[in-house]
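# Secondary and tertiary structure notes
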Amino acid sequence: MAMTMTEKIMACHAGLDTVVPGQLIQCPVDIVLANDITFPPAVKEFSRIGRPVFNADKIVLVPDHFTPNKDIKSAEMAKVMREFAKANAIKHYFEIGKMGIEHVLLPEQGLVAPGEVIIGADSHTCTYGALGAFATGVGSTDAGAAMATGQTWFKVPASIKVELTGSMPEWVSGKDVILTLIGKIGVDGARYQALEFCGEGLQSLSMADRFTIANMAIEAGAKNGIFPVDAVTEAYINGRVNKPYQKVVADKDAYYDRTIQIDLDTLVPVVALPHLPENISPVSDVKEIAIHQVVIGSCTNGRLEDLAQAAAIFRKKTVHPDVRTIIIPGSQQVYLDALNAGYIETFIQAGAVVSTPTCGPCLGGYMGILAAGERAVSTTNRNFRGRMGHVDSEVYLASPAVAAASAIMGRIAGPQEVSQ
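The following refers to the structure shown. These figures come from a predicted structure and were not determined experimentally.

## Points about the environment of Thr 379
- With respect to the helices, strands and loops of the structure, Thr 379 is situated in the loop between β17 (375-378) and β18 (394-397).
- Among the residues examined, Thr 379 registers a relative accessible area of 0% and is labelled buried.
- As for Thr 379 and Gly 302, which are separated by 77 residues in sequence, their C-alpha atoms are 8.4 Å apart.
- In this structure, Thr 379 is in contact with Lys 175, Val 295, Ile 296, Gly 297, Ser 298, Thr 300, Asn 301, Ala 398, Ser 399, Pro 400 and Ala 403, ignoring residues within four places of it in sequence.

This is the structure:
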């Protein structure tokens with residue numbers, strides 16, 4: 001029976017010849033991930049089961065949401081994770097100085113590979129589909145149970161084929177691709193389905209673009225997003241992934257619920273208006289909206305290529321006096337590479353501040369909370385009401401290039417307005 005990429009990975013892990021959408025299966029997992037917010041409730045479930053960890057090398061713990069700790073409560077949550085990691089000899093625990101934003105860090109460190117099944121107590125675990133893995137977010141209870149049993153259950157999702165053609169114009173990036181898609185189908189348009197990206201347009205997508213697109217599959221309601229493994233993928237994992245992996249290819253006659261076509265040639269920089277990622281508008285249509293803050297970073301757009309894009313806009317420019325601009329590298333390695341490339345100097349000279357890696361402002365945690373009436377352009381992934389602060393604040397989602405241009409202009413702006 002013909003199967004999609006997601007179906008093939010799930011069937012293989014479940015030890016079945018085939019699976020079909022809607023089928024309930026039990027799967028061993030290759031990685032269980034948790035962070036400083038989701039781990040404390042997960043460990044309660046783990047402790048209730050009363051077993052040792054199923055494999056200390058397959059549990060990944062990253063304190064990134066409120067780390068460096070913003071208050072006593074966050075310090076206590078991080079301590080729970082730290083003590084568990086030490087007591088159970090967890091190999092992949094990333095302490096301050098080594099940690100990064102989890103969905104930037106794990107691919108960078110070679111911890112995820114094509115064909116794997118990865119669950120994480122964080123909804124943006126779907127990021128790893130960029131590497132041809134089945135990766136999805138789960139609740140803390142499921143993560144805790146998997147830490148003890150090494151497996152979990154799934155309902156096999158139906159798949160949607162997203163066929164990309166053409167190539168991306170200048171200043172258009174993966175963020176514009178995924179926002180455009182969400183604008184087409186809505187935040188529930190792929191509810192509990194797999195978004196499988198394919199087509200000759202993939203050739204123009206960098207790994208950073210693919211990570212961004214897969215990361216935001218959940219914002220369309222998808223169970224996961226997944227890309228085929230091609231030369232771009234292999235170039236990225238070569239020298240990083242030091243374990244066997246399986247490249248999975250969808251059957252030519254696999255069944256998809258529907259096919260969505262996106263012509264990359266026609267895309268323009270876009271922004272998602274409050275208060276949903278589906279509220280998409282070309283930047284040129286909303287460029288008179290004044291802003292107060294810009295955030296460039298997060299698990300969606302905190303990679304080196306994202307910072308390079310922003311630095312190209314900021315070079316020899318100055319942040320508008322009415323705008324606070326916060327740059328957050330996605331990992332220590334990204335920070336170091338950006339420093340060596342001169343990007344950090346560019347940001348500081350432009351009047352931005354540069355933070356240690358953290359999820360902080362994305363979820364309204366710290367390092368960029370909005371007051372009532374304030375507007376932010378952010379490269380993060382959600383702009384729900386109150387997401388980054390006061391319920392009467394507004395978040396506009398955009399690419400690093402649009403965010404940087406907006407910081408300079410003091411309003412929503414396209415990169416062509418300020419590029420050299």
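## Quick word on the sheet that holds strand β5 (residues 117-120)
- The parallel open sheet is built from five strands, whose spatial order is β4-β3-β2-β5-β6. Two strands bound the open sheet, and with one partner strand each, they are β4 (92-93) and β6 (134-137).
- In the sheet, strand β2 (residues 31-35) pairs with β5 via three bridges, with the strands oriented parallel. Across the sheet, residue Ile 31 finds its bridge partner in β5, namely Ile 118.

## Details of the sheet that holds strand β11 (residues 258-263)
- A sheet is described by the order of its strands in space; here four strands give the open sequence β10-β9-β8-β11, paired in parallel fashion. In this open sheet, the two edge strands, each paired with only one partner strand, are β10 (224-226) and β11. Sheet twist, expressed as the average angle between the axes of neighbouring strands with direction ignored, equals 20 degrees.
- As judged from the three bridges shared by strand β9 (residues 193-198) and β10, these two strands associate in the parallel manner. Residue pairing for β10: Glu 196 is matched across the bridge by Ile 226.
- Packed onto the sheet, helix α6 (residues 174-185) meets β8 (158-165), β9 and β11 and runs at close to 135 degrees relative to β11.

## Remarks on the side chain of Ser 406
- Along the chain, the position of Ser 406 falls in helix α13 (residues 400-409).
- The contacts of Ser 406, once residues within four sequence positions are left out, are Ile 291, Val 294, Val 377, Arg 411, Ile 412 and Ala 413.

## Overview of the state of the cysteines
- Following the criterion strictly, the structure yields zero disulfides and no others.
- Here Cys 299 is not disulfide-linked; the sulfur of Cys 362 is the nearest cysteine sulfur, at 6.2 Å.
- Free cysteine Cys 359: the closest other cysteine sulfur is in Cys 299, separated by 6.2 Å.
- Accessibility expressed as a relative area gives 10% for Cys 359, which makes it buried.

## With respect to helix α1 (residues 5-14)
- The buried count for α1 comes to seven of ten residues, which makes it a mostly enclosed element.
- Along α1, the positions that sit buried rather than exposed are Met 5, Thr 6, Glu 7, Ile 9, Met 10, Ala 11 and His 13.

## Topic: the environment of Tyr 396
- Within the secondary structure, Tyr 396 sits in strand β18.
- Linking Tyr 396 and Asn 55, residues 341 residues apart in sequence, is a C-alpha distance of 41 Å.
- Engagement of the side chain of Tyr 396 in a polar contact is seen with the side chain of Glu 394, the distance being 2.7 Å.

## Observations regarding the pattern of salt bridges
- Under the definition given, this model contains twelve salt bridges.
- A salt bridge links Lys 70 to Asp 71, with the nearest nitrogen and oxygen atoms 2.7 Å apart.
- Measuring nitrogen to oxygen at the nearest pair gives 3.1 Å for the salt bridge that ties Arg 375 to Glu 394. With Arg 375 in strand β17 and Glu 394 in strand β18, the pair connects residues that are 19 residues apart, well separated along the chain.
- For Arg 375, a relative accessible area of 27% gives the class partly exposed.

## Observations concerning the pairing of strand β7 (residues 151-155)
- Burial along β7 is one-sided: the residues Thr 152 and Phe 154 are buried and none of Gln 151, Trp 153 and Lys 155 is.
- Summarising the sheet, strand β1 (residues 24-28) and β7 pair through five bridges and their orientation is antiparallel. Within β7, the position partnered with Leu 24 by the bridge is Lys 155.

## A closer look at the pairing of β2
- With five of five residues buried, β2 lies mostly within the body of the structure.
- For β2 and strand β3 (residues 59-62), the ladder comprises four bridges, and the chain directions are parallel. Opposite Val 32, over in β3, you have Ile 59 as the bridge partner.
- Of the crossover connections in this fold, the one passing from β2 over helix α2 (residues 39-49) to the parallel β3 is right-handed.

## Comments concerning the packing of aromatic side chains
- For the coordinates displayed, the defined rule picks out six aromatic pairs.
- With 5.2 Å between their ring centres and 90 degrees between their planes, Phe 134 and Phe 154 make a pair best called edge-to-face. One end of the pair, Phe 134, is in strand β6; the other, Phe 154, is in strand β7, with 20 residues separating them in the sequence. Both residues of the pair, Phe 134 and Phe 154, belong to the buried class.
- Seen from their ring centres, Phe 314 and Phe 347 are 5.9 Å apart, and the 85 degrees between their planes marks the pair as edge-to-face. In this pair, Phe 314 sits in helix α10 (residues 304-314) while Phe 347 sits in helix α12 (residues 343-350), placing the two residues 33 residues apart along the sequence. Phe 347 shares its class with Phe 314; the two are buried.
- Among the aromatic side chains, those forming a connected cluster through ring pairs are Phe 39, Phe 46 and Phe 84.
- Sitting over the ring of Phe 66, Lys 70 keeps its end group 5.2 Å from the ring centre.
- Its end group placed over the ring of Tyr 236, Arg 240 keeps NZ or CZ at 4.0 Å from the ring centre.

Rules used throughout
Residues numbered from 1 in each chain as written. Predicted model: local features only at pLDDT ≥ 70, side-chain atom pairs only at ≥ 80, totals over all residues. Heavy atoms only, no water. Helix = DSSP H or I, 4+ residues; strand = E, 2+ residues; numbered from the N terminus. Buried < 20%, exposed > 50% of the residue type's maximum accessible area, 1.4 Å probe, protein only. Contact = heavy atoms within 4.5 Å. Pairing = 2+ DSSP bridges. Axes fitted to C-alpha atoms, helices over the stretch in contact; angles between N-to-C directions. Disulfide = S-S within 2.5 Å. Polar contact = N/O pair within 3.5 Å; in protein donor to acceptor, adjacent residues only side chain to side chain. Salt bridge = Lys/Arg side-chain N within 4 Å of Asp/Glu carboxyl O. Right-handed = clockwise from strand over helix to strand, strands pointing away. Phe/Tyr/Trp six-rings, centres within 6.5 Å; stacked < 30°, edge-to-face > 60°. Lys NZ or Arg CZ within 6 Å of the ring centre and 35° of its normal.

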